[in-house]
Structures are given as C-alpha cells and as structure tokens.
Amino acid sequence: MLPDLATASPTSIRGRLLAHLPPVATLGPLLALFLAGAFFTSQTDRFLSGSNFSLILQQVMVVGVVAIGQTLVILTAGIDLSCGMLMAIGSIVTTKLAVDSEMNPYLAILCGLLVSTAFGFLNGALITRVKLPAFIVTLGTLNIAFAITQIYSKSQTVSGLPEALEFFGRTFRVGQTAVTYGTVLMLIMYLVAWFVLRDTAPGRHVYALGNNAEATRLMGIDTARMLLVVYTLAGFVYGIAALLLVARTGVGDPQAGQTDNLDSITAVVLGGTSLFGGRGNILGTLLGALIVGVFRNGLTLMGVASVYQILITGILVILAVTTDQLSRRKG
Amino acid sequence: MTDPRQTPVLEARGLVKRYGHVTALDGADFQLLAGEILLDGKPVRFHNPLDARRQGIETVYQDLAVAPAMSIAENLFLGREPKRTGLLGWLGALDKKRMLAEAMRHMQSLKIGIRSMKQAVETLSGGQRQGVAVARSAAFARHVVIMDEPTAALGVKEGNMVLELIRRVRDRGLPVILISHNMPHVFEIADRIHIARLGKRAAVVNPKHISMSDTVAVMTGAKRPEELPAQALA
C-alpha cells in the first residue's frame, strides 16, 4: 500500500552505510595524529620520548581546556572569538588580586573564575536577548576583555605567585612521562563533557539546537535559555583554563591568550566538529588539540621558526573546514 | 446520554492573531467564549509550545521540524527523553535502549518499516522524515494532533504516503485537525471541514455533501455560506 514507507530503507546506499559506520569525521583526526607522530618521529629522534610527551601535554592542557568551551559553542552553530581574552582577563584578575592586593589565593581564584564567567554570560545575553550575531558579540568582548586586562595590569607581568596558584603545574610521574595535575583536570573535564553531550538530555539538546534551532524550540525546549547557559558555561571553562595557564607559566601575563582563539577553533575543526553546528564529538576536539600540540612541538624540534608554525596552523584549519564543507555538499 | 462525538475535544472562540499588519485570525471560532480555549470543556492557557504539549496536544509542521543529524529515536523523544534508573539516571543519563525500542514500536504501529531507529533522519526521504514527525505526534498526543500543512513540502507520491499515515492516526481514534490549502487532500481524509475566510470561520461543511468548487467558492468569498444546500452544512 505504501511501498516506500513500508520497505523504508534509507534513500541511498550511501545513506545506509552512513547509518552503520561511525562517522568518518571521528576517525580522521586519530589518523592525522598518528601520521603527524610518525612523521616527526622520522624527522627527529627527540620527538618520541617520555619527557617530550610531558612537554606536549603541558602545552596542550591550556588550549585543550579552552577548546572544550569552544566545542560547546560551535555545536550550537555559534562561534566564540573571545575565548583567549576571557582566559587572559581571568588569569590577570586572579594573579593581581593574589599578589598585589594580597588576597587569599583561593578567593582570588574565585574572583578570576567569576570575571571570565561574567563575560561568558555577557556574550550569551547579547546573543539571546539583543539577538546579535555571535561573531560580532564575541569580537566585541574580545577587545573589551583585552583592553581591561591591559588597563588593570598596566601591561605589566605579575610574578611571585603564591604556591596555591601553581598547583596545577606540579607533576607526578607515569613511567617516564611527567604528568601535571592540570593535564589530569583537563582529561576529567573532557570525560564529563563527553558524558553530558552524549548521554544526557541537555547534551542532546545542544546538538538538536545546532541542527535545527526552530524545530528544537517547537519541541518545547527553551533554546534562548540553553544558548545563554552554553556561553556562560564556556566563560567558566575559560576561567579554569586561566588557572592552568597561570600554573604552567608561573606568572600573570597580560599578553597571554592571543593565539588561543584561533588555536581552539583549529582544535575543534580538526577534531571533526562542524562549524555549521549540531555535528561533532568532544573527544575529537581533544585529538584536535593534540594535533595542534604535536605540530607545534615537532616543528620546534625540527628547528622550524614559529612564524612558519603559525603559517602551518592556518593552512591546517582551512584544510579541515574545506573537508567539512565538501562532505556536507555531497550529502 | 450525550454522544461523546458531539462534545468538542477542543474549543476556541474569538481568537485573534496578528503578524505585523496582517491579521491572520480575526475573532475566529473553532468549535473550539471570548478568546478562550477549552480542552475537554475546561479552559486552558498556552504560553508556549511546551504548554500545549503537556496538555496532550501535538503539532506536525509543514517544514519537517526534525533535527537532521540526529537519530530517529532521538527525534521522536526530543524534549521528552526517558532517563535511566539508578546512579546513571541520577546523573541524567538517558535510557537509550528504551528510546530505541519504543521508537520502533511507534513507527511500526503506523506501519512505517524503518530497520534501525539509530539511523540519522537526514538519511531518510522527505516523506519518511514527515513520517517520523507524524509518529512523534501520534505517540505523545492524548487529545488532538494539529497538522499544519504536513504535505506542503512534499512531492505528490510522498504527500499521499503522509496522508495515509494521517488516516491511520485518525483510525486509532485520535482527533486530527488538518490545516491545508490542498483541497484533494482535505476531501480525501476530512470528516468535517471548517472553511476559514479573512481570519474567521465562514462555515462548517460536510465533505460528503459539498463539492470542492463550492468549498473554494466560500473560502474566496464567491459564494456566501447561506447559498449552500442545507445538507452541505455540518
């Protein structure tokens, strides 16, 4: 009676395959990471060592955490250009209060987290209440946060931090590799984000919102409130990244965070999350962050100057977005 | 005893809805007292789509309101996901097994034979996607399903399939309000037709005793309802 609905196989062989195979997008980054690792191992014998892996992990932990916030935002089909500066302002607030104002370091940490989170809330409020595009809002808050960071710190590095602020930079040994507590925190955050996004209703609603915002609203989900929560939560996550940054560098640096905007987007995109929202996997972002870290590290070991590294990161991100775009067009 | 079929499930009277300077509804009645909506005879108020859904009213939309990259099961339960029991449930974990099994049951009860409920909705045809939306509304509606131009975005063949699904929902005893400009579709499945003109209900007619052209004539104002044969009016 209803031939098509009764047999109702997907419309194409490709569709049928897609339904049963894990998305290529999640295998790609793993392959890319192995290839990059193999390449650098062949180029320099210093790459494949426990001490070098510790270094990569330490370099990756800050951008790795920032990229968690960025992934949440991009999954809703948004973008956050302010992430690096929200982290920088958090780190300056914490270190200035703890060192110059001699505030209790834990209270100072709380204040830093609060400032980053408040900026995230501001992003979310402007996007959902005033209905401005995320791109422009976060470009604006990027500059506001940067300027306030410079004014408040008088562009001076804050040093002589209390011990409590250096906790996440301390290490313990796993075999030959020294692992920082910050790396552990990053991994825990990835696991929590992965569980929430994959297995809980709010997590699935983030995907649904990125897929079809109007349909999600019609299903009775308060999409404006969800977006506000996502941007605020992202701000909080950048605040945590600020703690890791301070712990790793041992100073409050007003010039920090300037490469983290693009680096976090690169990590998200390399990790197979679509810039159009609603598709992707947070663990892919971790792989993406590791790819960026491995490239930076390997190129440094090979003696490639840092401008060329920036050049290569730029090319990487465009390649990744192109792949994403082309695969959508075919579908 | 009153015939339950004579007691309106949903009654709306004196509804007004404007979009800018366009008045879509101008004091419309719908079997449905001034600006009141009655559900099973009791007045209800809806502030958003969720309120209506909580009252057991489901809607199917013209533009296939589904999340393409998500699975059929996830689309069916979007916004109403069942949680697991135990610690994982306390942490908010969804009962995906139950979602898959129940999705399968809902789809099969409408004879939509899709093998895997894990399949992403974007791998389905337009008709099948609307099938998912119809199955979703049929699964959760307790009082009435409103279908707003459910076949408008579809081709002829796929539109007919969805029409067949609507008939199956109706045959289960669930009242369906079909909003449509497509007269052949309306005449094919409607038991009663409310003809709307200039934001008001012009007439309620019986499709068995009226022609399509007379229906269109009342809708466009070419004919006044009083000019219709008495038996045409429901």
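Residues numbered from 1 in each chain as written. Chains lettered and ligands numbered in written order. Predicted model: local features only at pLDDT ≥ 70, side-chain atom pairs only at ≥ 80, totals over all residues.

**A word on the overall build of chain B**
1) Next: Looking only at helices and strands, chain B features eight helices and nine strands.
2) Next: Residues counted as buried form 35% of the 234 residues belonging to chain B. (Helix = DSSP H or I, 4+ residues; strand = E, 2+ residues; numbered from the N terminus. Buried ≥ 20, exposed ≤ 12 C-beta atoms within 10 Å, placed from the backbone.)

**Let's talk about the overall build of chain A**
1) Next: Per the secondary structure count, chain A includes 14 helices and two strands.
2) Next: Expected size for 331 residues packed as a compact globule is a radius of gyration near 20 Å; at 21 Å, chain A falls within 12% of this value.
3) Next: Across its three principal directions, the C-alpha atoms of chain A cover 80 × 55 × 35 Å.
4) Next: By residue count, 49% of the 331 residues in chain A fall in the buried class. (Rg over C-alpha atoms; globule rule 2.2 N^0.38 Å.)

**As for helix H7 (residues 134-153) of chain A**
Residues and elements named next belong to chain A.
1) Next: Taking 1.5 Å as the rise per residue, H7 with 20 residues should run 28 Å; its terminal C-alpha atoms sit 28 Å apart, in good agreement.
2) Next: Within H7 the residues assigned to the buried category are Ala134, Val137, Thr138, Thr141, Leu142, Ala145, Phe146, Thr149 and Ser153. All buried residues of H7 lie within an arc of 160 degrees about the axis, which places them on one face of the element. Opposite its buried face, H7 presents the exposed residues Ile136, Ala147 and Ile151, each directed more than 90 degrees away.
3) Next: The inward-facing, buried residues of H7 contact helix H5 (83-99) and helix H6 (105-128).
4) Next: Directly after H7, the chain includes Lys154, whose backbone phi takes a positive value near 50 degrees. (Expected span 1.5 Å × (residues − 1). Arc of directions from axis to C-beta. Contact = placed C-beta atoms within 7 Å.)

**Re the nonpolar core**
1) Next: In terms of nonpolar packing, the biggest core is built from 135 residues, with Val65(A), Ala241(A), Leu244(A) and Val134(B) touching the most fellow members.
2) Next: Among the elements that line this core, the one with the most residues is helix H11 (residues 223-249) of chain A, at 15 residues.
3) Next: In this view, Val134(B) contacts Val60(B), Leu110(B), Val162(B), Leu165(B), Ile166(B) and Val169(B); residues no more than four positions away in its chain are not counted.
4) Next: Core analysis: the next-biggest nonpolar cluster, separate from the first, contains eight residues, Ile193(B), Ile195(B), Ala203(B) and Leu228(B) among them. (Core = buried A, V, L, I, M, F, W, Y, C linked by C-beta atoms within 7 Å.)

**A few points about the sheet that holds strand E5 (residues 57-60) of chain B**
All names here are of chain B.
1) Next: Read from one edge to the other, the open sheet built from three strands follows the order E5-E6-E7, with strand pairing classed as parallel. Edge positions in the sheet fall to E5 and strand E7 (176-179), since each has one partner strand and no second. For this sheet the average axis-to-axis angle between neighbouring strands, irrespective of direction, equals 15 degrees.
2) Next: Pairing between E5 and strand E6 (residues 144-148): four bridges, direction parallel. Within E6, the residue paired with Glu58 across the bridge is Val145.
3) Next: Strands E5 and E6 of the sheet are contacted by helix H5 (residues 126-140), whose axis makes an angle of about 175 degrees with E5.
4) Next: Taken strand by strand, helix H6 (residues 156-171) contacts E6 and E7, and its axis lies near 150 degrees from that of E7. (Pairing = 2+ DSSP bridges. Axes fitted to C-alpha atoms, helices over the stretch in contact; angles between N-to-C directions.)

**Thoughts on the pairing of E7(B)**
Residue and element names in this part refer to chain B.
1) Next: On E7, burial follows the alternation: Val176 and Leu178 on one face are buried, whereas Ile177 and Ile179 on the facing-out side are not.
2) Next: Two elements, E6 and E7, share four bridges in a ladder whose sense is parallel. Bridge pairing in E7 places Ile146 opposite Ile177.

**What about the confidence of the model for chain A?**
1) Next: Averaged over all residues, the pLDDT of chain A equals 89, while 91% of them reach at least 70.
2) Next: For residues 1-11 of chain A, every residue scores under 50 in pLDDT, and the model assigns this stretch 30 contacts once sequence neighbours within four places are set aside. (pLDDT = per-residue confidence, 0-100.)

**Brief notes about the packing of helix H12 (residues 260-270) of chain A against helix H13 (residues 282-301) of chain A**
Residue and element names in this part refer to chain A.
1) Next: Following both chains from N to C, one finds H12 and H13 inclined at 120 degrees, their axes separated by 7 Å at the closest point. With respect to each other, H12 and H13 are oriented oblique. Our pair here, H12 against H13, has a crossing hand that is right-handed. Between H12, through Asp263, Thr266, Ala267, Val268, Val269 and Leu270, and H13, the contact on the second element is made entirely by Thr285, Gly288, Ala289, Ile291 and Val292.
2) Next: When its residues are assigned to classes, the contact of H12 with H13 shows seven nonpolar, three polar and one charged. (Parallel < 35°, antiparallel > 145°, perpendicular 65-115°, else oblique. Left-handed = near helix turned anticlockwise from the far one by under 90°. Nonpolar A, V, L, I, M, F, W, Y, C, P; charged D, E, K, R; others polar.)

**Digging into the confidence of the model for chain B**
Residues and elements named next belong to chain B.
1) Next: For chain B, the mean per-residue pLDDT works out to 81, and 83% of the residues sit at or above 70.
2) Next: Taken element by element, chain B is modelled with least confidence in strand E3 (residues 36-39), mean pLDDT 60, and with most confidence in helix H2 (residues 72-76), mean pLDDT 94.
3) Next: Here residues 1-5 is a poorly scored stretch, pLDDT under 50, and it has one contact once near neighbours within four places are set aside; other chains count.
4) Next: Predicted complex, confidence summary: ipTM 0.81, pTM 0.85.

**A word on unusual backbone geometry**
Excluding glycine, a negative phi dihedral is what most residues carry, and trans is how most peptide bonds are arranged.
Residue and element names in this part refer to chain A.
1) Next: Of note, the phi angle at Ala77 is positive, near 70 degrees, even though the residue is not glycine.
2) Next: If you trace the backbone, Ala77 turns up in the loop between helix H4 (50-75) and H5.
3) Next: One non-glycine residue, Lys131, lies in positive phi territory at about 60 degrees.
4) Next: Lys131 gets classed as exposed once you count the C-beta atoms within 10 Å, which come to 8.

**Digging into the environment of Val196(A)**
Residues and elements named next belong to chain A.
1) Next: On the secondary structure map, Val196 appears in helix H8 (residues 181-199).
2) Next: Note on Val196: 19 C-beta atoms within 10 Å, which makes it partly exposed.
3) Next: When the C-alpha positions of Val196 and Ile74 are compared, they lie 16 Å apart, and in sequence the two are 122 residues distant.
4) Next: Residues contacting Val196, with those up to four places away along its chain left out, are Pro202 and Gly203.

**Some remarks on the environment of Gln309(A)**
Residues and elements named next belong to chain A.
1) Next: Summarising the element assignment, Gln309 is placed in helix H14 (residues 306-330).
2) Next: Residue class for Gln309 comes out partly exposed when judged on the 18 C-beta atoms lying within 10 Å of it.
3) Next: Between the C-alpha atom of Gln309 and that of Asn297, which follows or precedes it by 12 residues, the distance is 9.5 Å.
4) Next: Here Gln309 is in contact with Arg296, Leu299 and Val304, once residues within four sequence places are set aside.

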